[in-house]
Amino acid sequence: MAGMSNHVNLDALIKRADLATRGEEGEEISSLNVTGLEPKGFLYPALRKPDFQRETASWTPEQVADLIGTFVRLDLIPSVILWRAGQHVFVIDGAHRLSALIAWVHDDYGDGIVSRKYFHDFIPDDQRRAAARTRDLVAAAIGSYQDHKMAIDYPENARADVAERAQRIGWQQIQVQWIRNADHDKAEKSFFRINQGGTKIDAVEQRILKARGSANALSARAIMRGGTGNRYWDKFNHDVQKRISEFGRDIYRLLFEPPLSLPIKTLDVPVGGPGYGPKALPFVFDLVNVVNRTKTADSGSRNVSKDDLPIDHTGEMTVSYLDATRSVIRRLCSNHPSSLGLHPVLYFYAKSGTFQSGALLAFVELFREWETKQFLAFTHIRASFEYFLLTNRGHTEAVRRLGSGSRSRPRLVAFYRRVVTELQGGSSASEIAQKLAVDPAFDFFISPQGDFLDLEEGDFSRETKGAAFLQSALPSAPKCPTCGGFLHINGMQVGHRQPKREGGMASVANAMMQHPFCNSTVAN
């Protein structure tokens, strides 16, 4: 499969609401049937997830298909746990189970009518691929929900297994348990306690859920869904909501477009790696915190119990965090005049083609204190710096060994600073490599590391294929005529060979591709 993730995004299928919502209590039910999950069924319109709940996007196509198959075969499905608050029925446990059945009923595995409306037609390619695979699995092993409904009236035209199940599908029940005599605080505590079983909430998700009103969490959510999906920021005034959505959309595009597919067969990779999958949210959370210098442990830290992220009551802090994050990513690689247009393959990807978030965050930290004159100075040695990185790939490989966050970032930042300083002092790339190879603080980045790829008999692995392509393609990538650095599709502009101020014409003969920073600052 070409996609970077194998998870089905069912997040749109159950709406979110504030768990503290109150109203008249309704009658509890002991079970529900699948017809109640139809768009106009008696239960579906009332179903809600707590507004802080993680995205319902942790199951693979096989898991979704298996749950549906388990239901239609009358095998045991664990009870879902519900809690009533007024007219809403909150799913405290079982959101994935219910969402899988709702997906079947609605024929929406992350790409259908409900999902497209929820995400404003902003459906990543990986999400579409996962949806298509799920639909194919369900069609082959089970049959669609509509197939079963049609088989009730036209059994002679249906598959034998579908026709047999269709006669009983309408009264098959899903068992329900209720949380009783509990206010919203107790219901929330029940949610976190219960959801440590089954598909557990990882440490980053827990931190974001519990600090859901903080600028850190709101910024990460806005970026991850490109400003769409559930609007966690809808309590702020209209102007703030609009700015958060716009910033989130801009940053998502800067980080994750064009989409990434493996094995890599193009140098046109996204700056931030895959924007869909379990590793994306921790990376974005760390990015926001590193950019804004928050006193928050990184996503890989085990000591997060003392995290105390302040609530953003107006949304202004969230806007500020997002604005700063966008500025930094623009600087790394974009068409903004400030952009250095760093080529992601060289700077942020291992030689196998695997995205290394630690390398990107190290450059964020390195650059955040530089002034314009320091960026200008960097352009003067940039070609040599990139030659050094190209011939000494240990910087991204080391991240794989050391881990991300605080375990590798300080060493990486110090390493990059040292190389820049040495180059500015007149040392060549080979001389620097020789110096660092015998320096205990940096030899890990220079010493032979092996190829870091899994060795297998038979067919080449996906990583080996990617490494072979990059090894061949990257050295021959186009370069900026001003600084000599590699050009990337997301970070180049058309500049004038003879500057406009000197009478340069806007002709093809006078045009050249440059980094935006070189075009706006160095060349003029």
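These remarks concern the structure in this document. Fair warning: this is a prediction, and the values are worked out from it, not measured in the lab. (Residues numbered from 1 in each chain as written. Predicted model: local features only at pLDDT ≥ 70, side-chain atom pairs only at ≥ 80, totals over all residues. Heavy atoms only, no water.)

Turning our attention to the side chain of Arg-409. Mapping Arg-409 onto the fold places it in helix 17 (residues 409-424). Among the polar contacts made by the side chain of Arg-409, one reaches the side chain of Glu-365 at a distance of 3.1 Å. In this structure Arg-409 touches Val-290, Leu-361, Ala-362 and Glu-365, once residues within four positions along its chain are discounted. (Helix = DSSP H or I, 4+ residues; strand = E, 2+ residues; numbered from the N terminus. Polar contact = N/O pair within 3.5 Å; in protein donor to acceptor, adjacent residues only side chain to side chain. Contact = heavy atoms within 4.5 Å.)

Turning next to the packing of helix 15 (residues 372-391) against helix 17. The N-to-C vectors of helix 15 and helix 17 enclose an angle of 115 degrees; their axes lie 9 Å apart at closest approach. Here helix 15 is positioned roughly perpendicular relative to helix 17, judged by the angle of their axes. You can see that helix 15 and helix 17 cross each other, and the crossing is right-handed. Counted together, Ala-377, Phe-378, Ile-381, Ser-384, Phe-385, Phe-388 and Leu-389 of helix 15 and Phe-415, Tyr-416, Val-419, Val-420, Leu-423 and Gln-424 of helix 17 form the full contact between these two elements. (Axes fitted to C-alpha atoms, helices over the stretch in contact; angles between N-to-C directions. Parallel < 35°, antiparallel > 145°, perpendicular 65-115°, else oblique. Left-handed = near helix turned anticlockwise from the far one by under 90°.)

Another point: the pattern of salt bridges. In total, this model carries 19 salt bridges according to the counting rule given. For Arg-135, the salt bridge identified is with Asp-107, shortest N-O distance 2.9 Å. A residue pair is termed long-range when its members are at least 10 positions apart, and Arg-135 in helix 4 (residues 125-141) and Asp-107 in the loop between helix 2 (95-106) and helix 3 (113-118) qualify at 28 residues. Taking the relative accessible area as the measure of exposure, Asp-107 reaches 39% and is therefore partly exposed. In this structure, Asp-439 engages Arg-418 in a salt bridge whose closest nitrogen and oxygen atoms are separated by 3.0 Å. Residue Asp-439 is located in the loop between helix 18 (429-437) and helix 19 (443-446), and its partner Arg-418 is located in helix 17; the two are separated by 21 residues in the primary sequence. With relative accessibility at 24%, the residue Arg-418 sits in the partly exposed group. Linked by salt bridges that have partners in common, Arg-418, Glu-422, Lys-435 and Asp-439 make up one network. (Salt bridge = Lys/Arg side-chain N within 4 Å of Asp/Glu carboxyl O. Buried < 20%, exposed > 50% of the residue type's maximum accessible area, 1.4 Å probe, protein only.)

Inspection of the secondary structure assignment puts Asp-161 in helix 6 (residues 160-166). Residue classification places Asp-161 among the partly exposed residues on the basis of a relative accessible area of 29%. Sequence-wise, Asp-161 and His-148 are 13 residues apart; in three dimensions their C-alpha atoms are separated by 9.6 Å. With residues up to four places along the chain from it excluded, the contact list for Asp-161 reads Ala-141 and Ile-142. There is a polar contact of 3.0 Å between the side chain of Asp-161 and the side chain of Arg-159.

This part is about the side chain of Asn-490. Tracing the backbone through its elements, the reader meets Asn-490 in the loop between helix 20 (462-473) and strand 7 (493-496). Residue classification places Asn-490 among the buried positions, given a relative accessible area of 18%. Among the polar contacts listed, one links the side chain of Asn-490 to the backbone oxygen of Glu-257, at a separation of 2.8 Å. Here Asn-490 is in contact with Glu-257, Pro-258, Cys-333, Ser-334 and Asn-335, once residues within four sequence places are set aside.

Let's shift gears to helix 10 (residues 238-256). For helix 10, which comprises 19 residues, the first-to-last C-alpha distance of 27 Å matches the rise-based estimate of 27 Å (1.5 Å per residue) to within 8%. For helix 10, the set of buried residues is Val-240, Gln-241, Ile-244, Ser-245, Phe-247, Gly-248, Ile-251, Tyr-252, Leu-254, Leu-255 and Phe-256. Turning to helix 10, the residues buried within the fold contact helix 9 (215-224), helix 11 (280-291) and helix 12 (316-332). At the N-terminal end of helix 10, a side-chain oxygen is found 3.1 Å from the backbone nitrogen of Asp-239, two or three residues along, and the residue is Asn-237. (Expected span 1.5 Å × (residues − 1).)

What follows concerns the pairing of strand 4 (residues 80-85). Of all six residues making up strand 4, six are buried, and the element is well covered by its neighbours. Side chains Val-80, Leu-82 and Arg-84 of strand 4 all project onto a buried face; the interleaved residues Ile-81, Trp-83 and Ala-85 project onto the opposite face, where all are buried too. Where strand 4 meets strand 5 (residues 88-93), five bridges bridge the pair, whose relative direction is antiparallel. Note on strand 5: the bridge partner recorded for Arg-84 is Val-89. If you look at the hairpin formed by strand 4 and strand 5, you'll find two residues sitting between the two strands, and Gly-86 has a positive phi there, around 65 degrees. (Pairing = 2+ DSSP bridges.)

Purely spatial values, then, with no claim about function.
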